[in-house]
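Chain and residue survey
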Amino acid sequence: MHCSNNSITKVTFRSTLMATGLCFALASCSLMNPYVDESLSMNGGPKVCSSITADMEAALACSTALKSRYLNSMGKQANLNAWTGIGLIPLTAVTIGFAANGDSASKISDFAIGSAGLYSLSNWIAAPERTKIFGVGQKAITCAEQAVQPFVLSGKAKERFNSIVTGFETLHKKYALVKNSLAIYSSESGAKTSLISQAQASLLETQQLRRSAGDLLHQYGRAPGELVGTVKNINATVNEALGSTIQSLNALPGYISGLGELYKQNKTGFITFTPKSETKSNDSGMTPHSGQDNAIDPKSQKTAETELSIAYKLLEEANANMTLLVTELTPPSPAKSLDQCGIDTESISAPITVNPGVLSFTVGTKNKNSLSISGGNGTYTYSADESIFTVSQTPAFGGNLTVSLKDAKPGNYIIKVQDSTGRSEDVPVTINAEQKKEVLSCSLTDDLLEGEGKYCTNTKLTTKLQSSLKIALPDQNIKVDGDYGIRTRAAALAFAKKYKHLKNDVNETSLQAVLDFAYQKELETEQINSVLAQVNDDSLSQVQKVMRLQRQSDLLETGFIGEELL
């Protein structure tokens, strides 16, 4: 099949358009934005949760709308991987097409980066943890709705609630009537104390009832706004968890528990229904009498008593009706704590696991170690000292790391891995010093003699020995090559035979004597005499004096002044 450059260019151009178009389509689509804005309208309708409302029906519409959005978002999450996978196909095809057509490396790199970027973006958006977050948010809003359920009224309960308002007016009228009748009756001589006490007790009961009913109305008035405020807090926390910090979901039970304040009596009272025309009274509930008989239209005691008795009975009946309403409509406190409504964040807040948990390297080696990351949530990132380590991650933001040394120094280091929620795990890394291999510098084929071993493993020491033999035996052809072979041993034996106190043998002492002899040759006579002056015994020879000093210093008794002594 023959393809011209033009046809390849057209295919490439079409693929580019497809990829670009799909990316723009996804970017403009709500699939790319998992966050939920509670102030937006649903299906083009009026805005929900745009402000705190005093209407319970509107408050429940707010919570229902957000739960619906969470459910909708959970469905979208399921489709995201497929859509972003489709987007990778044309981008990959374009990249391959560029390479086949011999295009520039920078163009190929740009499209490869675009593919990786879309892949990473799809991982971020379509993370399964986001589905769980929406589920937790939905459960939390349901808990909030359950918390305010006793304040949701319908049917006859709503009619009974509305009757509290009219009951206030009735109480006010009966209260004023009793106070007026009580003031007139009390001004008459010979008034019965028992009736006065009963009337005063009813007045105090009415005052208390008005306060309780006012508190109740205040609670019902607060409930819708408290629900909307809690739902907004839940949504803000869900959005925060979608972005990074899943630990923020732990605050959800606290928001819902805060609704428990609705079940506490508000002691401010409901002063709207306090009669403004009411005359100030003293502690007994009676209007103070001026003491002037002509200030009140005089009536017979019997008539005054009858009027007070009737007014008192009417007030008692009004009090009983209001007590019934308040008792019936007072919401019961929750049977269990509101922060125990069943919100489970443990499955989302799983810890990060890194395997292996510890890495070890040795300077000079080129081995690579692999790390596998699991648990946590979302994508993974890492941080490491890039002057020490080379780290590669597959796939991008994925759970596999390959670590190797770059320019390492022995010591202890840390590589940190982190998920998209901020949870992290430290991996200790130990870099050991380079282990030098033992290189034998021996060409001897027979068994080593006493003290020869260290010269077979230390080329530098062997070279020093050979140089010293060259000084001690100038008539022999001593080769200085760092190889402790048969010729070096023969020269050492010749040196030992030359100095009778060395027992004519090759051993640790005679080999050390060669090194000490060379060092003694480098010293001035005065320095040697200064050292030997420490031994005050003229009966000893110079060699014996040196050997005594070496014995006192726990040195090998070579009979020559060695480096160890001086």
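Residues numbered from 1 in each chain as written. Predicted model: local features only at pLDDT ≥ 70, side-chain atom pairs only at ≥ 80, totals over all residues. Heavy atoms only, no water.

The next point concerns helix α14 (residues 542–552). Among all positions of α14, only Lys-545, Val-546, Met-547, Leu-549 and Gln-550 are buried. In the segment just after α14, Asp-554 is the residue with positive phi, at about 55 degrees. (Buried < 20%, exposed > 50% of the residue type's maximum accessible area, 1.4 Å probe, protein only. Helix = DSSP H or I, 4+ residues; strand = E, 2+ residues; numbered from the N terminus.)

Bringing the confidence of the model for the protein chain into the picture now. Here the protein chain shows a mean pLDDT of 75. Residues at 70 or above account for 70%. Across the protein chain, the element-wise mean pLDDT spans from 44 in helix α1 (residues 5–28) up to 93 in helix α10 (residues 459–472). Low pLDDT, under 50, characterises residues 1–32; the stretch is placed with 30 contacts to residues that sit more than four places away or in other chains. Taken as a whole, residues 81–102 scores under 50 in pLDDT and shows 41 contacts with residues more than four places along the chain or in a different chain. (pLDDT = per-residue confidence, 0-100. Contact = heavy atoms within 4.5 Å.)

In this fold, Gln-198 is placed in helix α6 (residues 193–243). It is 8.0 Å that separates the C-alpha atoms of Gln-198 and Tyr-312, two residues lying 114 residues apart in sequence.

This brings us to the environment of Ser-392. Relative to the assigned elements, Ser-392 resides in strand β5 (residues 389–394). Note: C-alpha distance between Ser-392 and Val-403 (eleven residues apart in sequence) is 6.8 Å.

All right, on to the sheet that holds strand β4 (residues 380–383) then. Judged by pairing direction, the sheet is mixed, and its four strands sit side by side in the order β2-β8-β7-β4 without closing on themselves. Each edge of the sheet is formed by a strand with only one pairing partner; in this case those strands are β2 (359–362) and β4. Going across the sheet, the axis of each strand differs from the next one's by a mean of 25 degrees, ignoring polarity. Direction of pairing for β4 relative to strand β7 (residues 411–419): antiparallel, over a ladder of four bridges. Pairing of Tyr-382 across the sheet is with Val-417, part of β7. (Pairing = 2+ DSSP bridges. Axes fitted to C-alpha atoms, helices over the stretch in contact; angles between N-to-C directions.)

If you look at the biggest cluster of nonpolar residues, it comprises 63 residues, and the most contacted ones within it are Ile-133, Ile-164, Ile-234, Leu-249, Ile-256 and Ile-343. At the level of secondary structure, the elements contributing two or more residues to this core comprise α2 (56–100), α4 (128–147), α5 (156–187), α6, α7 (252–257) and α8 (301–329). Looking at this core, the element that brings in the most residues is α6, giving 17 residues. Not counting residues within four places of it along the chain, the set of residues in contact with Ile-343 comprises Val-136, Lys-139, Ala-140, Cys-143, Leu-252, Pro-253 and Ile-256. (Core = buried A, V, L, I, M, F, W, Y, C linked by side-chain atoms within 4.5 Å.)

With respect to the secondary-structure elements, Asn-507 resides in the loop between α11 (486–498) and α12 (508–522). Sequence separation between Asn-507 and Ala-492 is 15 residues; the distance between their C-alpha atoms is 9.2 Å.

With that settled, the discussion passes to the packing of α6 against α8. Packing of α6 against α8 leaves a shortest axis separation of 9 Å and a crossing angle of 30 degrees. One element, α6, and the other, α8, form an angle in the roughly parallel class. Crossing angle aside, the handedness with which α6 passes α8 is left-handed. Across the interface between the two elements, Leu-195, Gln-198, Ala-199, Ser-202, Leu-203, Glu-205, Thr-206, Leu-209, Ser-212, Ala-213, Leu-216 and Tyr-220 of α6 pack against Glu-305, Leu-308, Tyr-312, Leu-315, Glu-316, Asn-319, Met-322, Thr-323, Val-326 and Leu-329 of α8. Each residue belonging to the contact of α6 with α8 can be placed in one class, and the counts come to 13 nonpolar, six polar and three charged. (Parallel < 35°, antiparallel > 145°, perpendicular 65-115°, else oblique. Left-handed = near helix turned anticlockwise from the far one by under 90°. Nonpolar A, V, L, I, M, F, W, Y, C, P; charged D, E, K, R; others polar.)

Moving on, we get to the sheet that holds strand β3 (residues 369–375). Ordered by their spatial adjacency, four strands build an open sheet running β1-β3-β6-β5, and the pairing between neighbours is antiparallel. Where the open sheet ends on each side, the last strands, each with one partner, are β1 (352–355) and β5. Strand-to-strand, the axes of this sheet are offset by a mean angle of 25 degrees, without reference to chain direction. The pairing of β1 with β3 spans four bridges and is antiparallel. The residue bridging Asn-355 from the neighbouring strand is Ser-372, located in β3.

Time to look at the pairing of β3. Sheet topology places β3 next to strand β6 (residues 400–405); four bridges connect them, and they run antiparallel. Following the sheet pairing, Asn-369 is matched in β6 by Val-403.

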